[in-house]
Amino acid sequence: MNKLAIAAVLIAAGAGLGRAADLETSKISFNLDSIKLSDIQKAGPNGNMNGGHGGIPVPGQPHPGPWHPPFPPQPFPPQPYPPQPYPPQPGPWATQTLNFQSGQFSFNNEAQASMDEAVRQLNAAGYAVMESRLNWTQYTLVFSAPARAQIKQYTSGQYSFNNEAKAGMDQAVAALKQSGKIILEARLNWTAFTISYLDGIGGGHNEDWNTQKLTFQSGQFSFNNEAKDAMDEAVRQLTAAGYPILESRLNWTMYTIAFTAPARARIQSYTSGQYSFNNEAKAGMDQAVNSMKQSGKIVLEARLNWTAFTISYLEGAYRR
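This structure is a prediction, so every number in the text was calculated from the model and none was measured.

For the rest of this paragraph, the subject is the pattern of salt bridges. Applying the stated criterion to the full structure yields 13 salt bridges. Notably, a salt bridge pairs arginine 133 with glutamate 131, separated by 2.5 Å at the nearest N-O pair. Among the residues examined, arginine 133 registers a relative accessible area of 42% and is labelled partly exposed. In this structure, arginine 303 and glutamate 301 form a salt bridge, with 2.4 Å as the shortest nitrogen-oxygen distance. Given a relative accessible area of 3%, glutamate 301 falls into the buried group.

What follows is the structure, encoded as structure tokens:
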């Protein structure tokens, strides 16, 4: 590179002179023979020969300053447009035709009463009933319902006596109705019962796509009244939380509870270590039960095993 041209550039950068006339009138003198290429490369942005960042790049020589990526930045790879839509979901106005066939009742009048009650509930909900046909001790229902609706069924275990099964069925029917379900069949099978119902038709956390049926079997208590008290307390908590009870059945010193709960809910169990005395274990169990209730858990069982205890609870549930 011509040394005279280099000197002109340095003079213009250092003195801030942009015109040729200023160069001619400038009294600054340079000894061109004393300028070295390394000094030029180390010159800063203000032409400082003492060094600095941003020196003048010379072809074939590395740039001493920081490296910057090319500008403008490279664009992202092309994406498909428009984006793919989600699969279509049925709207609240979409309907379907459902066909329900009941089980066999013991008597004709029981089947007639159950069918009439189902038709009444369907009409009250605004669902058109296309057919309600009695076939002696059975019946058929054909009706329209929302596209998300599903027919579900629950069959209880065996109770000790017929009147206990009848009371359990009535309790389950009342709980399901309260949660917005439509009862299509409530049938007593001597010491057990079957309930068929329409789910997925209401709002809140009782939608069929957001709930599950859970069955809890307790351990063995020392006395019948202890098991009865524990079962009643669990039912009270579940009912207060808004979870329909499908079955609460006492089997002497054990019990079974079937209910619907959020899909994320899980039944967990904890068994303590051995305490020195029975009263210490009882105090520890009561303290644990209170702590779990305060944290929002539903206690399904709190059972004392002399100097230890077991607590079963519903985790991932929420209360109304």
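Its volume calculated, the largest pocket comes out at about 400 Å³. In terms of lining residues, the largest pocket is bounded by 21 residues, among which Phe221, Lys282, Met285, Ala302 and Arg303 are the most central. Looking at the lining of the largest pocket, the elements with two or more residues in it are helix H6 (224-241), helix H7 (278-294) and strand S11 (298-305). The residue makeup of the lining of the largest pocket, split by class, is 10 nonpolar, three polar and eight charged. The space that makes up the second largest pocket amounts to roughly 310 Å³. Broken down by secondary-structure element, the contributors of at least two residues to the lining of the second largest pocket are helix H4 (108-124), helix H5 (162-178) and strand S5 (182-189). Partitioned by chemical class, the residues of the lining of the second largest pocket number eight nonpolar, one polar and seven charged.

With antiparallel pairing, the three strands of this open sheet are ordered in space as S4-S6-S5. Where the open sheet ends on each side, the last strands, each with one partner, are strand S4 (150-155) and S5. Ignoring which end each strand starts from, the neighbouring axes of this sheet average 15° apart. Of the strand pairs in this sheet, S5 and strand S6 (residues 192-199) are connected by seven bridges, and their pairing is antiparallel. When the bridges of S6 are listed, leucine 188 appears paired with phenylalanine 193. Here H4 sits on the sheet and contacts S5 and S6; the angle it forms with S5, its principal contact strand, is near 165°.

Scoring rules and cut-offs
The residue numbering used here restarts from 1 in each chain and proceeds along that chain's sequence as written. Thresholds applied to this predicted model are a pLDDT of at least 70 for local features of residues and 80 or more for the giving and counting of side-chain atom pairs; totals over whole chains, interfaces and linings are not thresholded and use all residues. The basis for every side-chain value is the complete set of heavy atoms in the structure, and neither hydrogens nor water enter the calculation. Just to be clear on terms, a salt bridge is a Lys or Arg side-chain nitrogen sitting within 4 Å of an Asp or Glu carboxyl oxygen. Throughout this description, buried means an accessible area under 20% of the type-specific maximum (1.4 Å probe, protein chains only), exposed means over 50%, and partly exposed covers the range between. Site definitions follow a grid-based scheme: protein atoms alone, a 1 Å grid, a 1.4 Å probe that fits but cannot get out for cavities, and for pockets an open set with protein on both sides within 12 Å along at least five of seven lines, plus lining residues having an atom within 4 Å of a point. Grid points are joined across faces, edges and corners, and a volume is the space filled by probe spheres set on the points. Secondary structure elements follow DSSP: runs of H or I no shorter than four residues count as helices, runs of E no shorter than two count as strands, and numbering proceeds from the N terminus. Each residue gets one label: Ala, Val, Leu, Ile, Met, Phe, Trp, Tyr, Cys and Pro are nonpolar, Asp, Glu, Lys and Arg are charged, and the others, such as Gly, are polar. A pair of strands is labelled paired if DSSP reports no fewer than 2 bridges between them. For every element, the axis is a line fit to its C-alpha atoms; helices are fit only across the contacting stretch, and the angle between N-to-C directions ranges from 0 to 180 degrees. Should any heavy atoms of two residues lie within 4.5 Å, those residues are considered in contact.

In short, geometric facts, not functional conclusions.
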